[in-house]
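# Architecture and fold: a report
Listed below are the residues making up each chain.
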Amino acid sequence: MKISIIGGGPGGYVAALKAAILGAEVHLVEKKRLGGTCLNQGCIPTKAYLSCADLYDGIMKAPGFGIDLAGEATLDFGKIYQRKHAVVKQLVDGVTYLLNKRKVTVYQGTGSLVSNHAVKVTFEDGQTETIETDRIIIATGSVPILPPLFKFDGKQVISSDEALQLDTLPASMIIVGGGVIGCEFGQFFRKMGVEVSIVEMLKTLLPMEDPDVSQILQKKMKKEKVAFYLGKGVETVDVGEGSVTCTLTTGETLTAEKILVSIGRRANTASLGLEELGIAVERGKIVVDETMRTSLEDVYAIGDVVDTPFLAHVASKEGVVAVENIMGRQSKALYHAVPRCVYTEPEIAAVGITEKEAAAKGIDYRTGKFIFAGIGKAMVIGKTEGFVKVITDEADRIIGASVTGAHATDLLAELTLCVHLGLTAKDLGEVIHPHPTLSEAIMEAAHDVHNEAAHSF
Ligand code: FAD
């Protein structure tokens, strides 16, 4: 079986590796850098930045742990920038190594579909090559949405792509959009000393999460002196010499050195030849069935280019599902247990449905909650802010959960397993959890569903 994949992000490169493992001959076309948005302009560089901010925070708290710092801790953004680059490079090199070892043929060029059994690669020098193939997987990802209103110039008005390329810090920044990307950048730049204002159309940050979750983050960022303009939109943008001024729908004006637009992303379907081949696209995204097959026989699509959550782990899973189906296995993409993580301080992580959604769906749900302040390990590490919340249905099955606080994104894995397998709160509560760990809050939250948490009153 010969499989050709267009796009080498976490969707495309994982699909390529899986296909090679299952014995296919694999051809992967990538126009920029292997690893895609995730490794080069998304998950990895942002988390490399946030880990520096986190370490700095920790160092500032050292005296409270009885550690006297001889000199003052100072930030060197140039070195933080270089470290981020080094982390990205190491991971991209790792992907290159794995593809090479698995004998995947990688083309550095732009791919498009000639038919359902042929992919054209256009190289930078204009030369072309056509790959005849049995199956095609489209994994071309997404790009930032930049409406003309913002007068995007990539210098003063930037997207997350350019924000990660800034090698010096601006004095001030307006961030439009209070979703995951806006919050992560907002907190990072503020911790680096930048004056940050976040403008968000809706009344709350992270609008897809429950209010008790997003409010904790908002309170924290307010304390860090991030200015919030919630429930307000941007009406005009004026790009001047060294500064940008925005007028909000309320008539207020904000001026900063740069404006970062993070209002969402759109699927990257341009120039692939979809229309010519009649591949169905709805609201800009490629239509697929649960096996990731498009409307055209032998052509599959995965990741940000289809209408599923814009997340690296979703793209990778869909890549595996597409390949398994191509290679004759029966495989379906399931979305009831997709973990959602925000790597701010405190971290926020959730899976399954929120309490708000459970109520809206008329589910006879129950919740169990346990705060980190009641957990020995949280006190030991000096991070008592946050909680675990578990949502169950009428049969006691865990249908949603959220964790806010230290290591929330790692702790979520256990709850993801529960939602994935449909385990009950009773099942989860019965599991012996190691002491002292933050995971005890998960066990206690499960007991709290039945009002039986031992360490709360
Ligand atoms: P992409 O990663 O976008 O890869 C698509 C690839 O296709 C790109 O390399 C592109 O160059 C290539 N390509 C496009 N067109 C062509 C063509 N015609 N020919 C050849 N190649 C082509 N997700 C998380 O899960 N966790 C996070 O913490 C997280 N943080 C993020 C932070 C930021 C700032 C951003 C922007 C995104 C973040 N995401 C995160 C989202 C995540 O990066 C994406 O969901 C994920 O990268 C999607 O994978 P993909 O393979 O579908 O597409």
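Residues numbered from 1 in each chain as written. Predicted model: local features only at pLDDT ≥ 70, side-chain atom pairs only at ≥ 80, totals over all residues. Heavy atoms only, no water.

## Some thoughts on the packing of helix H6 (residues 180-191) against helix H7 (residues 211-223)
Taken N-terminus to C-terminus, the directions of H6 and H7 make an angle of 25°; their axes are 11 Å apart at the nearest point. Taken together, H6 and H7 sit at an angle that is classed as roughly parallel. With respect to the hand of their crossing, H6 and H7 are arranged in left-handed fashion. Contacts from Cys 183, Gly 186 and Gln 187 in H6 reach Leu 217, Lys 220 and Met 221 in H7. The residue makeup of the contact of H6 with H7, split by class, is three nonpolar, two polar and one charged. (Axes fitted to C-alpha atoms, helices over the stretch in contact; angles between N-to-C directions. Helix = DSSP H or I, 4+ residues; strand = E, 2+ residues; numbered from the N terminus. Parallel < 35°, antiparallel > 145°, perpendicular 65-115°, else oblique. Left-handed = near helix turned anticlockwise from the far one by under 90°. Contact = heavy atoms within 4.5 Å. Nonpolar A, V, L, I, M, F, W, Y, C, P; charged D, E, K, R; others polar.)

## Focus: the site of the ligand
Near the ligand you find 40 residues, and of these Gly 11, Glu 30, Thr 37, Lys 47 and Gly 111 are the closest. The backbone of Pro 10 places a nitrogen or oxygen atom 3.4 Å from an oxygen atom of the ligand. Burial of the ligand by the protein chains amounts to 94% of its free accessible area of 1000 Å². For the shell around the ligand, the leading source of residues is helix H2 (residues 36-41), giving four residues. Within the shell around the ligand, the residues separate by chemical class into 14 nonpolar, 19 polar and seven charged. (Near = heavy atom within 4 Å. Polar contact = N/O pair within 3.5 Å; in protein donor to acceptor, adjacent residues only side chain to side chain. Areas by Shrake-Rupley, 256 points an atom, 1.4 Å probe, with all protein chains shown as cover.)

## A closer look at a nonpolar patch on the surface
Taken together, Phe 65, Ile 67 and Leu 69 make up a surface patch of nonpolar side chains, about 290 Å² in accessible area. Among the structural elements, Phe 65 can be located in the loop between helix H3 (43-60) and helix H4 (77-101). (Patch = residues over 30% accessible without salt bridge, like charges linked within 9 Å, V, L, I, M, F, W, Y side chains within 5 Å. Salt bridge = Lys/Arg side-chain N within 4 Å of Asp/Glu carboxyl O.)

## Re the environment of Ile 174
Relative to the assigned elements, Ile 174 resides in strand S10 (residues 172-176). If we skip the residues at most four places from it in the chain, Ile 174 touches Ser 197, Val 199, Val 244, Cys 246, Leu 254, Thr 255, Ala 256, Lys 258, Ile 259 and Leu 260.

## Topic: the side chain of Asp 396
Looking at the secondary structure, you find Asp 396 in the loop between strand S24 (386-392) and strand S25 (398-405). No salt bridge is formed by the buried Asp 396. Its closest oppositely charged neighbour is Arg 366, at 6.7 Å. Excluding anything up to four places from it in sequence, Asp 396 contacts Leu 423, Thr 424, Ala 425, Lys 426, Val 449 and His 450. (Buried < 20%, exposed > 50% of the residue type's maximum accessible area, 1.4 Å probe, protein only. Lys, Arg positive; Asp, Glu negative; His and termini not counted.)

## Some words on the packing of aromatic side chains
Enumeration over the complete set of coordinates arrives at five aromatic pairs. On the basis of an interplanar angle of 40° and a centroid distance of 5.8 Å, the ring pair of Tyr 49 and Phe 77 is categorised as tilted. Taken together, the residues span a long stretch of sequence, with Tyr 49 in helix H3 and Phe 77 in helix H4 at a distance of 28 residues. Of the two residues, Tyr 49 and Phe 77, both sit in the buried class. Between Phe 77 and Phe 188, the ring centres sit 6.4 Å apart and the planes meet at 45°, which makes this aromatic pair tilted. You can see Phe 77 sitting in helix H4 and its partner Phe 188 sitting in helix H6, a full 111 residues away along the chain. Judged by its relative accessible area of 10%, Phe 77 is buried. In this structure an aromatic cluster arises from ring pairing among Tyr 49, Phe 77, Phe 185, Phe 188 and Phe 189. Above the plane of the ring of Phe 387 lies Lys 369, whose end atom (NZ or CZ) is 4.0 Å from the centre. (Phe/Tyr/Trp six-rings, centres within 6.5 Å; stacked < 30°, edge-to-face > 60°. Lys NZ or Arg CZ within 6 Å of the ring centre and 35° of its normal.)

## Some words on the sheet that holds strand S22 (residues 347-352)
Two pairing modes exist for strands in a sheet, parallel and antiparallel, and in both the strands are linked by backbone hydrogen bonds. Pairing is antiparallel across the open sheet formed by five strands, whose spatial order is S21-S22-S25-S24-S23. Of all strands in the sheet, those bounded by a partner on one side alone are strand S21 (340-342) and strand S23 (366-371). The sheet shows a mean angle of 10° between the axes of neighbouring strands, direction not considered. Set on the sheet, H7 makes contact with S22, S23, S24 and S25; between it and S24 the angle comes to about 165°. This element, helix H12 (residues 408-421), spans S21, S22, S24 and S25 of the sheet and lies at about 10° to S22. (Pairing = 2+ DSSP bridges.)

## Comments concerning H3
Given a rise of 1.5 Å per residue, 18 residues ought to cover 26 Å, and the 26 Å separating the end C-alpha atoms of H3 matches this to within 8%. Where H3 is concerned, the buried positions are Pro 45, Thr 46, Ala 48, Tyr 49, Leu 50, Cys 52, Ala 53, Tyr 56 and Asp 57. Packed against the buried residues of H3 are H2, H4 and H6. (Expected span 1.5 Å × (residues − 1).)

## Regarding the pairing of strand S16 (residues 258-261)
Neither face of S16 is left uncovered, since the one carrying Lys 258 and Leu 260 and the one carrying Ile 259 and Val 261 both have all their residues buried. Pairing analysis gives two bridges linking strand S9 (residues 157-158) to S16, with the strands arranged parallel. Looking at S16, one finds that Val 157 is bridged to Ile 259. Two strands pair when backbone bridges link them, and S10 and S16 are joined in this way by four bridges, in the parallel orientation. From the neighbouring strand, Val 176 faces S16, where its bridge partner is Val 261.

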